[in-house]
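Coordinate analysis (summary)
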Amino acid sequence: MKLYQLVVKDILRRKRRVLYAALGVVIGTMTVVGILTITLAGQAKVYNQLEKYGANLTVVPAISNLDMKLGDLSLGTLTVGENYIPEEKLPQIRQITDGMIKEALRIKDEGDIAAIAPKLYMKTQMDGKSVIVVGVDLEEESEIKTWWKIRSGEYFKQADQALVGAVAAELLKFNMGDRIPLNGTDITIAGILEETGSNDDYQVFVPIETLQKAFNKEGLVSSIDIRALCNACPVEIIADEINQNIPGVRAVAVKQIAETEMGMVEKMSKFMLALAGIALALGCFGVVNTMMTSVHERIKDIGIMRAVGASRNQIIKVFIYEAIAVGIVGGILGYVAGTLLAYAIGPLIFEGTVVTYVPEYFPLSLVLATFIAVVATVYPAFRATRIKVADSFRSL
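Quantities reported herein were computed from a predicted structural model and do not represent experimental measurements. (Residues numbered from 1 in each chain as written. Predicted model: local features only at pLDDT ≥ 70, side-chain atom pairs only at ≥ 80, totals over all residues. Heavy atoms only, no water.)

Broken down by element type, the protein carries 13 helices and 14 strands. Within the protein, contacts between residues at least 6 apart in sequence are counted, and of these 75% link residues at least 24 apart. Only carbon and sulfur atoms are counted for the fraction: they give 58% of the accessible area of the protein, which is about 21700 Å². (Helix = DSSP H or I, 4+ residues; strand = E, 2+ residues; numbered from the N terminus. Contact = heavy atoms within 4.5 Å. Areas by Shrake-Rupley, 256 points an atom, 1.4 Å probe, with all protein chains shown as cover.)

Structure below.
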């Protein structure tokens, strides 16, 4: 009888003991696969939020707060800087942004590359309720807000038209074609947006020129959103270049804004992986314990093998082959259980996260489980080689 046939026969004879050994491997592997799957889903959620936000860069006025003191007596804070960005800075921002993108991607086309959308925010009263009205560039905003969908009506095309967020329309009871006041000027609701789950739902959008004229803010904008329209665009470098060359503004890469959230995801992942490491260690001890029990139960068999001429290497191979079988079973079950675990608790950890199975983790699960089982079997296998033929006769 060949060695592997002996191992298979022994596994079938001791199925319960093998399953106990595999259980420890399953728990450890399940924890690792579940945590990795949940972490990947959490990171995907953050990146999807960045993509949904649209802009890669946001440019705002460079405002700072100074602490006013008289000796040790605090007199409060003083805001220094302009609250608006002059529109004449838009060509400079365009030149820097497009220039650096063309240089990075080696583009020779003279046309515009990035979408640059200025915004003006004004607070006003409509039907006795406070509303944020946002002035936007019609064409540039549509390139950035690619997820916008019109629930009713159409996208605004004229200076006296408005687009209303879903929640704002519901709260203010606005309907298509309604005329609404805007600081002494009447505008017509051209369309109502579908709900987006963002601040857009609570705002009213009008052409920026209309809002500037209504509030005497000609030539001024509150912020500028920039979308580079490519994953490889050097947005952080562009932000640094704008900050260094254009006074009075501060450019921030949206990726930098998300670093805190990504940092929390990574910290949570490390903590969960530490727990997974503990689970793996416990699983490893479980396999060691099961294998040691197996050695004691098989003293007679091992002694007979030694009596008929089996070498120490052959006895070690018996246990290693058995460990590989345990690892394969534990890896398969661990991957399935870990994926189900991720589906169950992933949405609870990262609210609204869509968890999907990751096929790439299946071979990782098999390799990890097999490695744990083999490592855990080394010591019991070594102990088995120390059994003498005389010891086996004493066990009869």
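And the narrative resumes.
End to end, helix α3 (residues 90–105) covers 22 Å across 16 residues, agreeing with the expected 22 Å (1.5 Å per residue, within 8%). All of the buried residues in α3 are Leu90, Ile93, Arg94, Ile96, Thr97, Asp98, Met100, Ile101 and Lys102. The inward-facing, buried residues of α3 abut β1 (57–61), β4 (85–86), β5 (115–126), α4 (138–144), β13 (223–227) and α7 (235–245). Just downstream of α3, Arg106 is the residue with a positive phi angle, here 55 degrees. (Expected span 1.5 Å × (residues − 1). Buried < 20%, exposed > 50% of the residue type's maximum accessible area, 1.4 Å probe, protein only.)

Glancing now at the pattern of salt bridges. This model, assessed by the stated rule, comprises six salt bridges. One salt bridge in this structure joins Asp225 and Lys119, with 2.8 Å as the shortest N-O distance. Here Asp225, found in strand β13, pairs with Lys119, found in strand β5; they are 106 residues apart in sequence, far enough to count as distant. Close ionic contact of Asp200 with Lys145 constitutes a salt bridge, the shortest N to O distance being 3.3 Å. (Salt bridge = Lys/Arg side-chain N within 4 Å of Asp/Glu carboxyl O.)

Walk down a regular strand and you will see the side chains alternate between the two sheet faces. Where strand β7 (residues 150–153) meets strand β10 (residues 185–193), three bridges bridge the pair, whose relative direction is antiparallel. Note that in β10 the partner of Ser152 across the bridge is Ile192. When strand β8 (residues 161–164) meets β10, the two strands line up parallel, connected through four bridges. Residue pairing across strands places Ala162 opposite Ile189, the latter belonging to β10. Summarising the sheet, strand β9 (residues 179–182) and β10 pair through four bridges and their orientation is antiparallel. From the neighbouring strand, Arg179 faces β10, where its bridge partner is Thr188. Between β9 and β10, which pair antiparallel one after the other, the connecting turn spans two residues, and Asn183 there sits at a positive phi close to 55 degrees. (Pairing = 2+ DSSP bridges.)

Turning our attention to the confidence of the model for the protein. Taken residue by residue, the protein gives an average pLDDT of 78. The fraction at 70 or more is 77%. The least confident element of the protein is strand β3 (residues 73–80), whose mean pLDDT is 46; the most confident is strand β11 (residues 203–207), at 93. For residues 75–81, every residue scores under 50 in pLDDT, and the model assigns this stretch 22 contacts once sequence neighbours within four places are set aside. (pLDDT = per-residue confidence, 0-100.)

Glancing now at the packing of aromatic side chains. Scanning all chains against the criterion turns up three aromatic pairs. Ring geometry for Tyr155 and Phe156: centres 4.9 Å apart, planes at 85 degrees, overall edge-to-face. Residue Tyr155 is classed as partly exposed on the basis of its relative accessible area of 22%. By relative accessible area, Phe156 is classed as buried at 1%. (Phe/Tyr/Trp six-rings, centres within 6.5 Å; stacked < 30°, edge-to-face > 60°.)

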